[in-house]
Amino acid sequence: GAGVSQSPSNKVTEKGKDVELRCDPISGHTALYWYRQRLGQGLEFLIYFQGNSAPDKSGLPSDRFSAERTGESVSTLTIQRTQQEDSAVYLCASSLDTMEYEQYFGPGTRLTVT
Amino acid sequence: DQQVKQNSPSLSVQEGRISILNCDYTNSMFDYFLWYKKYPAEGPTFLISISSIKDKNEDGRFTVFLNKSAKHLSLHIVPSQPGDSAVYFCAASAGIGTPLVFGKGTRLSVIA
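Let me sum up the structure you'll find in this document. For clarity, every value in this text was computed on a predicted model and none was experimentally measured. (Residues numbered from 1 in each chain as written. Chains lettered and ligands numbered in written order. Predicted model: local features only at pLDDT ≥ 70, side-chain atom pairs only at ≥ 80, totals over all residues. Heavy atoms only, no water.)

Concerning the overall build of chain A
- A tally of helices and strands in chain A yields zero helices and 10 strands.
- Counting helices and strands in the order they occur from the N terminus, chain A gives β-β-β-β-β-β-β-β-β-β.
- The C-alpha radius of gyration of chain A comes to 13 Å, within 12% of the 13 Å expected for a compact globule of 114 residues.
- Counting only C-alpha atoms, chain A reaches 40 × 25 × 25 Å along its principal axes.
- Out of the 114 residues in chain A, the part that is buried amounts to 51%.
- In chain A, of all internal contacts separated by at least 6 residues, the share reaching a separation of at least 24 is 56%.
- Working note: accessible area of chain A is about 5,500 Å², and carbon and sulfur atoms make up 46% of it.
- Side-chain charges of chain A comprise 11 positive and 14 negative groups, with the mean position of each set lying 8 Å from the other. (Helix = DSSP H or I, 4+ residues; strand = E, 2+ residues; numbered from the N terminus. Rg over C-alpha atoms; globule rule 2.2 N^0.38 Å. Buried < 20%, exposed > 50% of the residue type's maximum accessible area, 1.4 Å probe, protein only. Contact = heavy atoms within 4.5 Å. Areas by Shrake-Rupley, 256 points an atom, 1.4 Å probe, with all protein chains shown as cover. Lys, Arg positive; Asp, Glu negative; His and termini not counted. Charge placed at Lys NZ, Arg CZ, Asp CG, Glu CD.)

Things to note about unusual backbone geometry
- With an omega of -10°, the peptide bond between A:Ser7 and A:Pro8 qualifies as cis.
- For A:Pro8, the location among the structural elements is in the loop between strand S1 (5–7) and strand S2 (10–13).
- Between B:Val78 and the following residue, B:Pro79, the backbone shows a cis peptide bond with an omega angle of -10°.
- Mapping B:Pro79 onto the fold places it in the loop between strand S8 (72–77) and strand S9 (86–93).
- Phi is positive for B:Ala41, close to 65°, though the residue is something other than glycine.
- Tracing the backbone shows B:Ala41 in the loop between strand S4 (32–38) and strand S5 (45–51).

Concerning the packing of aromatic side chains
Residues and elements named next belong to chain A.
- In this structure the tally under the stated criterion is 14 aromatic pairs over all chains.
- For the pair Tyr33 and Tyr35, a centre-to-centre distance of 6.2 Å together with 25° between the ring planes defines the contact as stacked.
- Relative accessible area serves as the criterion here: at 1%, Tyr33 is assigned to the buried category.
- Under the relative-accessibility criterion, Tyr35 is labelled buried at 0%. (Phe/Tyr/Trp six-rings, centres within 6.5 Å; stacked < 30°, edge-to-face > 60°.)

Spelled out as structure tokens, the structure:
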């Protein structure tokens, strides 16, 4: 079946502009996670959605970052007034949540802020 | 404060030999551990996992060992193949449905 998809695959933006990144999780997966990987670093948790519960936003680095999820499907991650330190690969993952620990990742969006 | 540490940024192994990738953790609340493999320009793909109630899990050429008292796990790949060349991430979970905590990764190069 279809895996997690993300768009765009690459995004170059100027400092100060807003960007929106999209994630389509695996159908039927109730949990959705956003991570980012900066150069030379591991994956850093940003935000987690589970069903209709309030999202866990504990990983968001600043109030310039926000995310929404429509039901148990598409999620968008928005970064306002981008800064150069926001440059990273943004990865989305989904899981069955109550059934398994394993999370399944999309290919990521490479964001470059110039 | 890194809760999951992979102290070797890179490892080079000859084809056919054993690759051993190491991972240490500090949080005793972690109850499940996973290894992911990542090729360039792709997302991480799940490879193998182990529950904290076990000390070994094997899947084909891949075996993960867990030493809870030492808070240490390792991934063994034998025999190593050139297609195994990738970045390997160790990840830990404190419960189903919680964010994974990742190490920084180890780049494995398998030389033919």
